[in-house]
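Structural overview
For reference, the chains in residue letters:
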Amino acid sequence: MDTIDEIIISINHSAASMFKSRSSDLEQRSIQEVVRNPELQKIVKSALGSGDHREGDIVLYQDEESILNVQTTSLLDENERFIGILIVLNDVTRLRRLENMRKEFVSNVSHEIKTPLTAIKGFVETLSHGAMDNPDEAKRFLNIIEKHVNRLVAIIEDFMRLSVIEQKDKSEDIKLEKGKIRSVIKTAIQVCQAKAEAKKIKVNLICSEDISAKIDTQLFEQAAVNLLDNAIKYSEEGGLVQIEVITTDTEVCINFKDYGIGIPKEHLPRLFERFYRVDKARSRKLGGTGLGLAIVKHIIQTHGGYVTVESNPGEGSNFVIHLPKFGYTA
Ligand code: ADP
């Protein structure tokens, strides 16, 4: 078997294009010479050496990273003599990325749920091992348990929201109808009123009565509530939040501006990812789940829009929902 060399006898167009080459440039040349990839070399050597089926993923770094699944099958002549191998390549870049995202997501979810559960378990054990005899201590522990239970509920509720949007999205059940932006924002302000009052935060709305867009009222209200809730959460007591709706030739832009803690630049690109937080401890303390902005992004995408953010640490943030313009009369 070691008399078999590693010359490419024939390669089809699709396989050659994975190596950014043409078939005619690769045929009759050594595979090790034309594809300089140690993982592929290992698979080919092992398949040629053993005559057995081999399979594995290789990572190619060309213009961009791509992942190929490599499968080999022995080629036999009419006398059943091993004469070489057939290599089948599948581009699995997208699949592997999705798998990684799923794994990362499951690991994040487990972590997020495990943290409060561990705390609850610990405090319940402490209570049952005697702390209940001390009413003050018992009350304190029960308060902590309640806080963690509320956290779990908030996470599950946010998950359900995300899943509702995803379901609606998939079944194309999103009902986008002409709706007045001002009235939806007013409802969102009412939803957040108690929180704003508790922190003595003033919420200003600047929005002309006649601005409308194609919206699913319930979902759009949810997006507005999330952004307003954040603006309140990440502002100091007595602060100001300004919601200003403006229109351009093509868009309705809903600005949620606060003068709170702001966000360092390096965090801005990842802010809308699930569970991404600038300061985990602070977010948890404020009852955040790390899912609020992911929900906003998803909702606005289903509206054919997008969300942007400008922010400076210590000065505040401005989150802007951009919706395609519809029926605005100046
Ligand atoms: P959370 O539930 O933690 O608030 P979000 O997805 O709503 O999660 O937001 C992600 C992170 O973005 C937050 O943890 C916070 O660090 C940051 N953030 C969001 N909105 C604001 C804001 N208005 N001001 C400052 N930081 C913000």
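In this text, all values refer to a predicted model and were calculated from it rather than measured experimentally.

Basis of the calculations
Residues numbered from 1 in each chain as written. Predicted model: local features only at pLDDT ≥ 70, side-chain atom pairs only at ≥ 80, totals over all residues. Heavy atoms only, no water. Domains from an automatic or database assignment. Pairing = 2+ DSSP bridges. Helix = DSSP H or I, 4+ residues; strand = E, 2+ residues; numbered from the N terminus. Near = heavy atom within 4 Å. Polar contact = N/O pair within 3.5 Å; in protein donor to acceptor, adjacent residues only side chain to side chain. 1 Å grid on protein atoms, 1.4 Å probe; cavity = no way out; pocket = protein on both sides within 12 Å on 5 of 7 lines; lining within 4 Å. Sits in = over half its atoms within 2 Å of the grid points. Nonpolar A, V, L, I, M, F, W, Y, C, P; charged D, E, K, R; others polar. Axes fitted to C-alpha atoms, helices over the stretch in contact; angles between N-to-C directions. Contact = heavy atoms within 4.5 Å. Points joined across faces, edges and corners; volume = space filled by probe spheres on them. Disulfide = S-S within 2.5 Å. Buried < 20%, exposed > 50% of the residue type's maximum accessible area, 1.4 Å probe, protein only.

What follows deals with the domain arrangement of the chain. Quite often, the size of an interface is put as the accessible area lost when its parts meet. With domains assigned, the chain is organised as domain 1 (13-91), domain 2 (95-173) and domain 3 (174-330). Look at where the C-alpha atoms of domain 1 and domain 2 centre, and you get two points 47 Å apart.

Here we take up the pairing of strand 3 (residues 82-91). Judged from the nine bridges that link them, strand 2 (residues 65-76) and strand 3 form a sheet pairing that is antiparallel. Bridging from a neighbouring strand, T73 pairs with L86 of strand 3. Taking the residues between adjacent antiparallel strands as the criterion, strand 2 and strand 3 are bridged by five residues, where E80 takes a positive phi near 65°.

It is worth spelling out the site of the ligand at this point. Around the ligand, the structure places 21 residues, and the nearest of them are N230, Y234, S283, T289 and L293. Between the ligand and S283 there is a distance of 2.6 Å, counted from an oxygen atom to a side-chain nitrogen or oxygen. Backbone polar atom of L293 to an oxygen atom of the ligand: 2.8 Å apart, as the coordinates give it. More than half of the atoms belonging to the ligand lie within 2 Å of the grid points that define the largest pocket. For the shell around the ligand, the elements supplying multiple residues, two or more each, are helix 8 (217-233), helix 10 (292-302) and strand 10 (316-324). Of all the elements, helix 8 adds the most residues to the shell around the ligand, at three residues. For the shell around the ligand, the per-class residue count stands at 10 nonpolar, eight polar and three charged.

A sheet is described by the order of its strands in space; here five strands give the open sequence 5-7-8-10-9, paired in mixed fashion. Bordering the open sheet on either side are strand 5 (202-206) and strand 9 (306-312), each of which pairs with just one other strand. On average, adjacent strands in this sheet sit at an angle of 15° to one another, irrespective of strand direction. Where strand 5 meets strand 7 (residues 240-247), five bridges bridge the pair, whose relative direction is parallel. Its bridge partner being in strand 7, K202 is matched across the sheet by L240. The strands that helix 7 (residues 181-198) touches are strand 5, strand 7, strand 8 (251-258) and strand 10; relative to strand 5, the one it contacts most, it runs at about 175°.

Attention now goes to the layout of surface pockets. Considered as a void within the structure, the largest pocket measures approximately 1,100 Å³ in volume. As for the largest pocket, its lining consists of 50 residues, of which N230, K233, Y234, G288 and T289 are closest to the centre. The leading source of residues in the lining of the largest pocket is helix 6 (residues 135-170), at nine residues. Of the residues contributing to the lining of the largest pocket, the split by class is 21 nonpolar, 14 polar and 15 charged. Split by domain, the lining of the largest pocket shows at least three residues from each of two domains, domain 2 (95-173) and domain 3 (174-330).

What follows concerns the state of the cysteines. All chains considered together, the criterion is met by zero disulfides. We note that C253 lacks a disulfide partner, and the nearest cysteine sulfur, in C207, lies 12 Å from it. In this structure C253 comes out as buried when scored by relative accessible area, which is 6%.

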